[in-house]
Amino acid sequence: MKKSILAIAFVSMVALLIAAACGSKTASNVSVPTGKTIKSVMVGNLTATLSNSTGKLKPGDQEVMLAFTDSSGKPVDVGAVSLNFHMAQMGTMAEMNDATAFTTTGTPGVYRGKVNIEVAGEWQGQLAYEGPAGSGKTTFTVTAQ
């Protein structure tokens, strides 16, 4: 009786370990919904795609996604990411800088961000990364509407 309980416990543990190992492989292949593209730009040999649910940057608080992919479209983990939205001083209006706060997702190379765009208009996106894929930076124009 005692041997059969130990055998059942051992088989159960092996089954749990196999399920956990298979589950983690599946989880890494799950894509994170990124929404509609706001802007795609080249950063070195990678493509960075900024997106959200509407495909438009708007004034106010919002969530955005940022994905880095290689030439085949495969996500690439770039490590630390920064994205600042900059608007130069115009007349009496002061210069503005709205930084995006990013967190990682379950998919390497795909980041979830929160930003508060102060006003509608044309912004310069200042994008940079540094990590396993090296480092890169670029700027691009995007309109908040």
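Residues numbered from 1 in each chain as written. Predicted model: local features only at pLDDT ≥ 70, side-chain atom pairs only at ≥ 80, totals over all residues. Heavy atoms only, no water.

Some words on the environment of V78
Line of reasoning, step 1. Relative to the helices and strands, V78 resides in the loop between β3 (60-69) and β4 (80-87).
Line of reasoning, step 2. Separated by 56 residues in sequence, V78 and G134 have C-alpha atoms that sit 7.1 Å apart.
Line of reasoning, step 3. In this structure V78 touches L46, F68, Y111, Y129, E130, G131, P132 and A133, once residues within four positions along its chain are discounted. (Helix = DSSP H or I, 4+ residues; strand = E, 2+ residues; numbered from the N terminus. Contact = heavy atoms within 4.5 Å.)

What about the nonpolar core?
Line of reasoning, step 1. Among the nonpolar cores identified, the biggest contains 27 residues, and F68, V81, F85 and L127 are the most heavily contacted of them.
Line of reasoning, step 2. Residue assignment for this core shows that the elements contributing at least two residues are β1 (36-43), β2 (46-52), β3, β4, β5 (96-104), β6 (110-117), β7 (121-131) and β8 (134-144).
Line of reasoning, step 3. Ranked by the residues each element gives to this core, the list is headed by β4, at four residues.
Line of reasoning, step 4. Non-local contacts of L127, meaning those with residues more than four positions away in its chain, are made with V41, V43, A48, L66, F68, V81, S82, L83, G136, K137, T138 and F140. (Core = buried A, V, L, I, M, F, W, Y, C linked by side-chain atoms within 4.5 Å. Buried < 20%, exposed > 50% of the residue type's maximum accessible area, 1.4 Å probe, protein only.)

What about the sheet that holds β6?
Line of reasoning, step 1. The eight strands are arranged β1-β2-β3-β6-β5-β4-β7-β8 in an open sheet whose pairing can be described as antiparallel. The strands lining the two open edges of the sheet, one partner per strand, are β1 and β8. Strand-to-strand, the axes of this sheet are offset by a mean angle of 25°, without reference to chain direction.
Line of reasoning, step 2. Direction of pairing for β4 relative to β7: antiparallel, over a ladder of seven bridges. Paired with L83 across the strands is L127, a residue of β7. (Pairing = 2+ DSSP bridges. Axes fitted to C-alpha atoms, helices over the stretch in contact; angles between N-to-C directions.)

Things to note about the pairing of β4
Line of reasoning, step 1. Burial of β4 is extensive: six of the eight residues sit out of reach of the surface.
Line of reasoning, step 2. Two strands pair when backbone bridges link them, and β4 and β5 are joined in this way by five bridges, in the antiparallel orientation. Within β5, the residue paired with M87 across the bridge is M96.

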